[in-house]
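Chain by chain, the residues run as shown.
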Amino acid sequence: MKSVVLSALVAVLPMIAAPAFAADEINVSNGISAGGAPLAAHGVDLVALVTEGNPVEGFATHSATYGGASYYFTSAENREAFEANPEAYLPQHSGFC
C-alpha cells in the first residue's frame, strides 16, 4: 500500500511543481510600458525591423498590446500594420533567440 501511495505522489508531484518553473512566454523588459503591459522587443519597432532591416526604437505614443506585451512603433502606420497581422512581425521563439 505504501508503494502505491508513494508511486502516485511521485507521479503527481512534477505536474504540480511544473508551473512554478515555467518560463515567460515572451521576452520582455523589466517594468511596465505606457500600454500597461511589459515592454517586448526592448521597444524596437518590429515592422521597421522587418521592412527596413534596421532596429529602430519606437515611441510610446505609437504602441500596441498583443499577447500580454506592449510593442512600440515609429509611426501610426507601422502600428496599424502590426495590428493587422502581428504574426508576420513577431520575433521567432518569442524573442528568446
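These remarks concern the structure in this document.

Overview of the nonpolar core
Judged by nonpolar contacts, Ala40, Ala41, Leu46, Val47, Ala64, Ala69, Tyr71, Phe73, Phe82 and Tyr89 together constitute the single largest core of 10 residues. Put simply, the parts of the chain that give this core at least two residues each are helix H2 (46–52) and strand S2 (69–73). Take this core: its biggest share by element is 3 residues, from S2. Every residue in contact with Phe73, bar those within four places of it in the chain, is listed here: Asp45, Leu46, Val47, Gly58, Phe59, His62, Ser63, Ala64, Asn78, Arg79 and Phe82.

Here we look at the side chain of Asp45
Along the chain, Asp45 falls in the loop between helix H1 (2–17) and H2. One buried charge, Asp45, has no salt-bridge partner; the nearest side chain with opposite charge is Arg79, at 10 Å. Reaching out from Asp45, the side chain makes a polar contact with the backbone nitrogen of Ala48 at a distance of 3.1 Å. At a separation of 2.8 Å, a polar atom in the side chain of Asp45 contacts the main-chain amide nitrogen of Thr74. Leaving out residues up to four positions away in the same chain, Asp45 has contacts with Val56, Gly58, Tyr72, Phe73, Thr74, Ser75 and Asn78.

Some thoughts on unusual backbone geometry
Its identity as a non-glycine residue notwithstanding, Ala41 has a phi of 60 degrees, on the positive side. If you trace the backbone, Ala41 turns up in the loop between H1 and H2. Phi angles above zero are rare outside glycine, and His42 is one such case at about 55 degrees.

A few points about the packing of aromatic side chains
Tallying each qualifying case throughout the model produces 3 aromatic pairs. Taking 6.1 Å as the distance between ring centres and 90 degrees as the angle between the ring planes, the aromatic pair formed by Tyr66 and Phe82 counts as edge-to-face. Pair noted here: Tyr66 is in strand S1 (residues 59–66) and Phe82 is in helix H3 (residues 76–84), with a separation of 16 residues, a long-range link. A relative accessible area of 32% means that Tyr66 is categorised as partly exposed. Taken together, a centroid distance of 5.1 Å and an interplanar angle of 40 degrees make the contact between Phe73 and Phe82 tilted. Of the aromatic side chains, those joined through ring pairs into one cluster are Tyr66, Tyr71, Phe73 and Phe82.

The rules behind these values
Residues numbered from 1 in each chain as written. Predicted model: local features only at pLDDT ≥ 70, side-chain atom pairs only at ≥ 80, totals over all residues. Heavy atoms only, no water. Core = buried A, V, L, I, M, F, W, Y, C linked by side-chain atoms within 4.5 Å. Buried < 20%, exposed > 50% of the residue type's maximum accessible area, 1.4 Å probe, protein only. Helix = DSSP H or I, 4+ residues; strand = E, 2+ residues; numbered from the N terminus. Contact = heavy atoms within 4.5 Å. Lys, Arg positive; Asp, Glu negative; His and termini not counted. Salt bridge = Lys/Arg side-chain N within 4 Å of Asp/Glu carboxyl O. Polar contact = N/O pair within 3.5 Å; in protein donor to acceptor, adjacent residues only side chain to side chain. Phe/Tyr/Trp six-rings, centres within 6.5 Å; stacked < 30°, edge-to-face > 60°.

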